[in-house]
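Inside the fold
The chain contents come next:
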Amino acid sequence: MGTTLLTAEVHAKTYKGAEIASKTLHRYGRIEVRMRMARGPGILSTFFTYKPGSETAGSLWEEIDVEAFGKSNATAWQSNILVGNPRQGSEMVHDTGASLADAYHTYTIEWTPTAVVWQVDGVEKRRTTGGQASQLTSMHNFHFNLWASDVASWAGAFDSSMLPASQYVSWIRYYKYDNGAFVLDWSDDFATFDTARWEKANWTFDGNLVDFEPNNVVVKDGTLVLCLTAQGQTGCSGAVPVDSNGSLGGGGSTGAGGAATGGAGGNGGFAGSGGAPAGGAGTATGGTGGTGGTGGAASAGTSGAPPVGGAAGAAGASSTGGQAPSGGSSATAGTASSGAPATAGASAFGGNQAVPTAGGATTESGCGCAVPGSQHDKRTSPWGLLALASLAGWCLRRRAA
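Residues numbered from 1 in each chain as written. Predicted model: local features only at pLDDT ≥ 70, side-chain atom pairs only at ≥ 80, totals over all residues. Heavy atoms only, no water.

Looking only at helices and strands, the protein chain features two helices and 21 strands. Surface summary for the protein chain: the accessible area is close to 15,000 Å², and the carbon and sulfur share equals 53%. (Helix = DSSP H or I, 4+ residues; strand = E, 2+ residues; numbered from the N terminus. Areas by Shrake-Rupley, 256 points an atom, 1.4 Å probe, with all protein chains shown as cover.)

Right, dumping it as structure tokens:
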């Protein structure tokens, strides 16, 4: 069961961690987060969705987790769903073969009324259909936290010599679930700390060796930094590792009867929009989407505005090469203005479609088993998709099975 906090419990522990929670609530959708995890036994770097009040007596718990273990050089993470009263989990551990503390990766949760799907860099790692997934019916908020477990058999024996430790979040994007499709609703690239969207935690929970300290949450160099420190050494210091694959492409400038091309998206970033040619038969081309594999969900560029009397701008094709992180968004076709119809851009990615490795995608039902000692005692290939365009409109399917 969760812990009902008392004032005396906060700031009483030797070590200080960090957590932020969203003030907004959402039910269903696609949540993409770009993170670099912390290293060290006992340390957990997490992102999760949570029904507020799940920890109160008599309440039904609801939660969906991504948790990276700092032990064993941070080479494993776990997916989990927690539901019910008493709370039950279905923890599944995923070994990566590489340290999650050495590079940024894009972690995705797709949550619909009947299923929950986890992906890393566009590769599906787990799918739960029915059972627990169908019990997630409430509004959730979103949490990032960095903490240390007192359960050595699960997280490893905490080693304070690894402090200070940091978890880095480059961005988060939320797509609402709308009539079977995921539609981008909002994003936060952490240029600043948005106090209208997020609050900093000042609580703790059973099984946690740390108090959450607001001073251990900072935004620096366009990155959210969560820090784990010893008492009296709070705050986040040191350089922020650069995420070279999460940038946004710039928009194209206006062409004079020629082609205006949108900026190319970063590796895993989003493409810029094409510029508008000023007359003539020139075309405006959307930017190229970011390369898949190590990036987030790349998006094809939007088409440029059509020239008067000329052919409509061709939509930008999404990136080529690499493994597709979730297929990418298809390009938006241009609209002709006294000219020929616009040409739709190709969707997805030119590289091979990502295929889950052994131990990857799994279909589940039922409630699984209880997970003692987990953090959840807390409070509180060819182208994957094609876009078709016409003068009347366009049709998009966001994600290939």
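Core analysis: the largest hydrophobic core is formed by 53 residues, its most contacted members being Phe 47, Val 116, Phe 144, Ile 172 and Leu 228. Looking at this core, the element that brings in the most residues is strand E11 (residues 141-148), giving five residues. If we ignore the near neighbours within four places in the chain, the residues touching Ile 172 are Ile 31, Glu 32, Val 33, Phe 47, Phe 142, Phe 144, Trp 186, Ser 187, Asp 188, Phe 190 and Trp 198. Ranked by size, the runner-up nonpolar core spans six residues in total, among them Tyr 168, Val 225, Cys 236 and Val 240. (Core = buried A, V, L, I, M, F, W, Y, C linked by side-chain atoms within 4.5 Å. Buried < 20%, exposed > 50% of the residue type's maximum accessible area, 1.4 Å probe, protein only. Contact = heavy atoms within 4.5 Å.)

This paragraph deals with the side chain of Glu 32. Within the fold, Glu 32 resides in strand E2 (residues 29-36). A polar side-chain atom of Glu 32 sits 2.7 Å from a polar atom in the side chain of Arg 30. (Polar contact = N/O pair within 3.5 Å; in protein donor to acceptor, adjacent residues only side chain to side chain.)

Looking at the element boundaries, Val 219 is found in strand E16 (residues 217-220). For Val 219 and Cys 236, which are 17 residues apart along the polypeptide, the C-alpha to C-alpha distance reads 9.4 Å. Excluding residues that lie within four positions of it along the chain, Val 219 makes contacts with Phe 190, Ala 191, Thr 192, Phe 193 and Leu 224.

A cis amide bond links Asn 85 to the next residue, Pro 86, at an omega of 5 degrees. Structurally, Pro 86 can be placed in the loop between strand E5 (76-84) and strand E6 (88-89). In this model, Tyr 28 sits at a positive phi of 70 degrees, which is unusual for a non-glycine residue. Its location among the elements puts Tyr 28 in the loop between strand E1 (15-22) and E2.

This model, assessed by the stated rule, comprises nine salt bridges. Ionic pairing is found between Asp 211 and Lys 16, a salt bridge with its closest N-O pair at 2.7 Å. With Asp 211 in strand E15 (residues 210-212) and Lys 16 in strand E1, the pair connects residues that are 195 residues apart, well separated along the chain. Judged by its relative accessible area of 3%, Lys 16 is buried. Residue Arg 39 pairs with Asp 102 through a salt bridge whose shortest N-O separation is 2.8 Å. Taken together, the positions of Arg 39 in the loop between E2 and strand E3 (43-50) and Asp 102 in the loop between strand E7 (92-95) and strand E8 (105-111) put the pair 63 residues apart, joining distant regions of the chain. Residue Arg 39 is classed as partly exposed on the basis of its relative accessible area, which comes to 29%. Salt bridges sharing common partners tie together Arg 30, Glu 32 and Glu 110. (Salt bridge = Lys/Arg side-chain N within 4 Å of Asp/Glu carboxyl O.)

Right, let's get into the packing of aromatic side chains. Taken as a whole, this structure holds 19 aromatic pairs when the rule is applied. Aromatic side chains Phe 47 and Phe 144 sit 5.0 Å apart centroid to centroid with 50 degrees between the ring planes, which places their arrangement in the tilted category. Highlighted residues: Phe 47 in strand E3 and Phe 144 in strand E11, separated in sequence by 97 residues. Between Tyr 174 and Trp 186 the ring centres are 6.1 Å apart and the planes differ by 35 degrees, which places this aromatic pair in the tilted class. Of this pair, Tyr 174 sits in strand E12 (residues 165-178) while Trp 186 is found in strand E13 (residues 181-188), placing the two residues 12 residues apart along the sequence. Under the relative-accessibility criterion, Tyr 174 is labelled buried at 4%. Counting every residue linked through ring pairs, the aromatic cluster contains Phe 47, Phe 142, Phe 144, Tyr 174, Trp 186, Phe 190 and Trp 198. Above the face of the Phe 193 ring, Lys 200 is positioned so that its terminal group lies 4.9 Å from the ring centre. (Phe/Tyr/Trp six-rings, centres within 6.5 Å; stacked < 30°, edge-to-face > 60°. Lys NZ or Arg CZ within 6 Å of the ring centre and 35° of its normal.)

Next up on the list: the confidence of the model for the protein chain. For the protein chain, the mean per-residue pLDDT works out to 72, and 58% of the residues sit at or above 70. The low-confidence segment residues 1-8, where pLDDT is below 50, has 17 contacts with residues more than four positions distant or belonging to other chains. Long-range and interchain partners of residues 247-401, a stretch whose pLDDT sits below 50, account for 435 contacts in this model, where long-range means more than four residues apart. (pLDDT = per-residue confidence, 0-100.)

Turning next to the pairing of E3. Side chains on a regular strand alternate between the two faces of the sheet. Among the eight residues that make up E3, eight are buried, leaving the element largely enclosed by the rest of the structure. Residues Ile 43, Ser 45, Phe 47 and Thr 49 of E3 are buried on one face, and the alternating residues Leu 44, Thr 46, Phe 48 and Tyr 50, pointing to the opposite face, are buried as well. By the bridge criterion, eight bridges tie E3 to E11 in an arrangement that is antiparallel. Paired with Phe 48 across the two strands is His 143, which belongs to E11. With seven bridges joining them, E3 and strand E4 (residues 61-69) adopt antiparallel strand pairing. Directly across from Tyr 50, in E4, lies its bridge partner Glu 63. (Pairing = 2+ DSSP bridges.)

In this section: the environment of Arg 87. For Arg 87, the position within the fold is in the loop between E5 and E6. Residue classification places Arg 87 among the buried positions, given a relative accessible area of 18%. For the pair Arg 87 and Glu 62, spaced 25 residues apart in sequence, the C-alpha separation works out to 8.5 Å.

Moving on, we come to the pairing of strand E17 (residues 223-230). Among the eight residues of E17, eight are classified as buried, and the element is accordingly described as predominantly covered. Taking every second residue as pointing to the same face, both faces of E17 are buried, with Thr 223, Val 225, Cys 227 and Thr 229 on one and Leu 224, Leu 226, Leu 228 and Ala 230 on the other. Bridging between E1 and E17 involves two bridges; their strand directions are antiparallel. By the bridge assignment for E17, Lys 16 is matched with Thr 229. Sheet analysis places E12 next to E17, joined by five bridges and oriented antiparallel. Paired with Gln 167 across the strands is Leu 226, a residue of E17. Pairing geometry for E16 and E17, over four bridges, is antiparallel.

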